[in-house]
Amino acid sequence: MNPENDELLKRVQDMVAEALQVPPGLVLPDLAFGGIPAWDSMGHMGVMMLLEERFGVPIDADGIATLTSVPAIYEHIRRTTKE
Amino acid sequence: MSYQLHIIPAVTIPDYLVGEVQSKLAYVDEGILAARIPQGGDRITLDLLVQPEEDRRLQLEDKVQRVVAVMVKGAFKPKIQVLEEHLDRPVPCRSDPNAGLLASGELFQEAPGIFTVGPLVTRLIAFFEQQFIALADSFGAAAYRFPTLIPARSLERVGYFRAFPQSLSFVTHLRSDLDAIDGFAQHAACDEHGLNTPPDSFSPIQNLLSPAVCYHLYFALADKPLPGGSLAATAVGNCFRYESVNLVSLERLWNFTMREVIFVGPRDYVLHNRELGRERMHAFFEQIGLAYRVESANDPFFIGEFKKQAAFQSAFQLKFEIRAALPFKESTLAVGSYNYHQDFFGRSLNITLPDGSPVHTGCIAFGLERMAFAFLSQFGLQPDQWPEVVRKALQ
């Protein structure tokens, strides 16, 4: 992650917090699936659905299995947006 | 005599969801006898008990559209992974065993989804049981006996009510009240709807009929560290899943028997043993010449939970079904499954490893009646036509 993308990181953290229905302060930049109780299987699918909706990033089965942390989601959006 | 209602879904149902939506439509209304969705997913046909009045037809259409919308909009396409492909294995029989089983008294239907099986099918089931017990023994699995009833509070704790409300079977009894018991003894009778007893004669529901075997083990281990850090266990039990009009012969029973081999411990321990179990069962299925496939699958979550839970199971390859060929209908039937629950039960029930982290769990499950039915569908009802290994074992 670099400074110019700090805003994107913040948006990812906010999106994850909204999907998991937890205070934004709980979603740290390195948070991953299972890191807090709310990020369980159902919480994860909530994150995937909101990720699709907010960032327009199509998610498939491989994405669900790999986009399991804030850094992974951040990198995926960055890559997809560049393409 | 039934009436057909045709509905055009507001959104087209993708092929990968046709079976799932179709099975859920059985729960939409008690007047539905059957639901069909042809491939293409742009048409739904309901067979109804009676022709509905206009307002009732609109009500039905609305419910069907709700089911479709909730299940289809935003659905993730599952990733199907095939681990074993032996469906093209030649088998000697292509006829439906049901008529022969019923005629010979080997199968007797007491009520929809409730069957008694005769001596030959019972011996065949015992043969499969021996193989599954041998699999359990190969892991040194400790044998358990679990009850048929399961407390509502326990199922609530693992979110079962939200995930599978449609299949629950409730248990009650008469209230400890002299008038209620006397009234029942003198007036209880069955009409076309069942027992005519007033609902307030019954106690609140505290228990259900158990829908699965392995849950009992997890409840027994709850709220403490796992002794020894890992555990292999096995048990056979009656399981109950109500499937409405989907109940069909031995293929889909309300009351069926399941043998499970259960693993509790660290992630790698569970995943390694699940895979080892699959390899060992592969050798057995090959020995008897069963035509089958092992592929990724999802549990039959109810409408509201389906989209998320099924996609999660599929993405993380948590469930693989052993689908045996049913040649008479050019279809397959799930006779068993290899399951991995990650740390869901460890977290939900506070079962911990020595380092304090939640345990992971998994199980290998076999439906005994389905196993026998698939075998009979492939090899027929005459034991002299059966594979030698089965014949010898039954002598």
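Draft legend 1. Local environment of the overall build of chain B. The secondary structure content of chain B amounts to 13 helices and 20 strands. Whereas a compact globule of 395 residues would reach a radius of gyration of roughly 21 Å, chain B reaches 22 Å, a difference of no more than 12%. For chain B, the spread of C-alpha atoms along the three principal axes comes to 60 × 50 × 50 Å. Taken across its 395 residues, chain B has 34% of its residues classed as buried. Considering only contacts within chain B whose residues lie at least 6 apart along the sequence, 74% involve residues at least 24 apart.

Draft legend 2. Layout of helix α8 (residues 214-221) of chain B. Residues and elements named next belong to chain B. Buried residues dominate α8, accounting for seven of its eight residues. Among the residues making up α8, those that are buried are C214, Y215, H216, L217, Y218, F219 and L221. A positive phi of about 65° marks D223, the residue just after α8.

Draft legend 3. Main features of the sheet that holds strand β14 (residues 231-240) of chain B. All names here are of chain B. Reading across from one edge, β4-β16-β17-β18-β20-β15-β14-β7 is the order of the eight strands in this open sheet, with mixed pairing throughout. Pairing within the sheet leaves two strands with one partner each, and these edge strands are β4 (82-85) and β7 (142-143). Relative to strand β16 (residues 292-296), β4 runs antiparallel, the two being bridged by three bridges. Bridged to V82 within β16 is E295. Contacts between helix α4 (residues 119-138) and the sheet are confined to β14, β15 (255-265) and β20 (360-367), with β15 contributing the most and set at about 10° to the helix.

Draft legend 4. Molecular detail of α4(B). Residues and elements named next belong to chain B. Across its 20 residues, α4 extends 29 Å between first and last C-alpha, which sits within 8% of the 28 Å expected from 1.5 Å per residue. Buried residues of α4: V121, L124, F128, Q131, F132, L135 and A136, and no others. In an axial view of α4, the angular spread of the buried residues amounts to 150°, which keeps them on one side of the axis. Those residues of α4 that are exposed and angled more than 90 degrees off the buried face are P119, Q130 and A134. Directly beyond the C-terminal end of α4, a positive phi value near 65° is found at G140.

Draft legend 5. Local environment of the packing of α4(B) against helix α12 (residues 368-379) of chain B. Residue and element names in this part refer to chain B. Here α4 crosses α12 at 110°, and the two axes come no closer than 9 Å. Here α12 runs roughly perpendicular to α4, going by the angle between their axes. Relative to α12, the crossing made by α4 is right-handed. Of the residues in α12, those touching α4 at V121, L124, I125, F128 and E129 are L368, E369, M371, A372 and F375.

Draft legend 6. Structural detail: unusual backbone geometry. Residue and element names in this part refer to chain B. You will see that Q317, though not glycine, has its phi angle at about 50°, which is positive. Turning to its location among the elements, Q317 is positioned in the loop between α10 (303-315) and β17 (319-326). One non-glycine residue, N350, adopts positive backbone phi at about 55°. Checked against the element boundaries, N350 lands in the loop between α11 (344-348) and β19 (351-352). Its 15 C-beta neighbours within 10 Å are what place N350 among the partly exposed residues.

Draft legend 7. Quick look at the pairing of strand β6 (residues 114-117) of chain B. Residues and elements named next belong to chain B. Alternating residues of β6 divide into F115 and V117, all buried, and I114 and T116, none buried. As defined by bridge partners, strand β5 (residues 107-111) adjoins β6 across four bridges and the pair is classed as antiparallel. Across the sheet, the residue bridging to L107 is V117, located in β6. Counting the residues in the hairpin turn of β5 and β6 gives two residues, including G113, whose phi is positive at 80°.

Draft legend 8. Up close: the pairing of β20(B). All names here are of chain B. Where burial is concerned, most of β20 is hidden: eight out of the eight residues are buried. Here eight bridges tie β15 to β20, and the two strands are oriented antiparallel to one another. Its bridge partner being in β20, V261 is matched across the sheet by I364. Pairing analysis gives five bridges linking strand β18 (residues 331-340) to β20, with the strands arranged antiparallel. If you follow N339 over to β20, its bridge partner there is C363.

Draft legend 9. Structural view of the interface of chain B and chain A. Listed as interface residues are 12 residues of chain B and, on the opposing side, 11 residues of chain A. The biggest single contributor to the side of chain B that touches chain A is α10(B), with five residues. The class makeup of the residues in the side of chain B that touches chain A is seven nonpolar, two polar and three charged.

Draft legend 10. Representation of the environment of Q51(B) in the model. With respect to the element layout, Q51(B) can be found in the loop between β3 (44-48) and α2 (54-72). As for Q51(B) and S104(B), which are separated by 53 residues in sequence, their C-alpha atoms are 38 Å apart.

Draft legend 11. Representation of the sheet that holds β3(B) in the model. Residue and element names in this part refer to chain B. Strand order in the open sheet formed by three strands is β1-β3-β2, and the pairing between neighbours is antiparallel. Strands at the two margins of the open sheet, each flanked by one partner only, are β1 (3-7) and β2 (32-36). The sheet shows a mean angle of 20° between the axes of neighbouring strands, direction not considered.

Rules used throughout
- Residues numbered from 1 in each chain as written.
- Chains lettered and ligands numbered in written order.
- Predicted model: local features only at pLDDT ≥ 70, side-chain atom pairs only at ≥ 80, totals over all residues.
- Helix = DSSP H or I, 4+ residues; strand = E, 2+ residues; numbered from the N terminus.
- Rg over C-alpha atoms; globule rule 2.2 N^0.38 Å.
- Buried ≥ 20, exposed ≤ 12 C-beta atoms within 10 Å, placed from the backbone.
- Contact = placed C-beta atoms within 7 Å.
- Pairing = 2+ DSSP bridges.
- Axes fitted to C-alpha atoms, helices over the stretch in contact; angles between N-to-C directions.
- Expected span 1.5 Å × (residues − 1).
- Arc of directions from axis to C-beta.
- Parallel < 35°, antiparallel > 145°, perpendicular 65-115°, else oblique.
- Left-handed = near helix turned anticlockwise from the far one by under 90°.
- Nonpolar A, V, L, I, M, F, W, Y, C, P; charged D, E, K, R; others polar.

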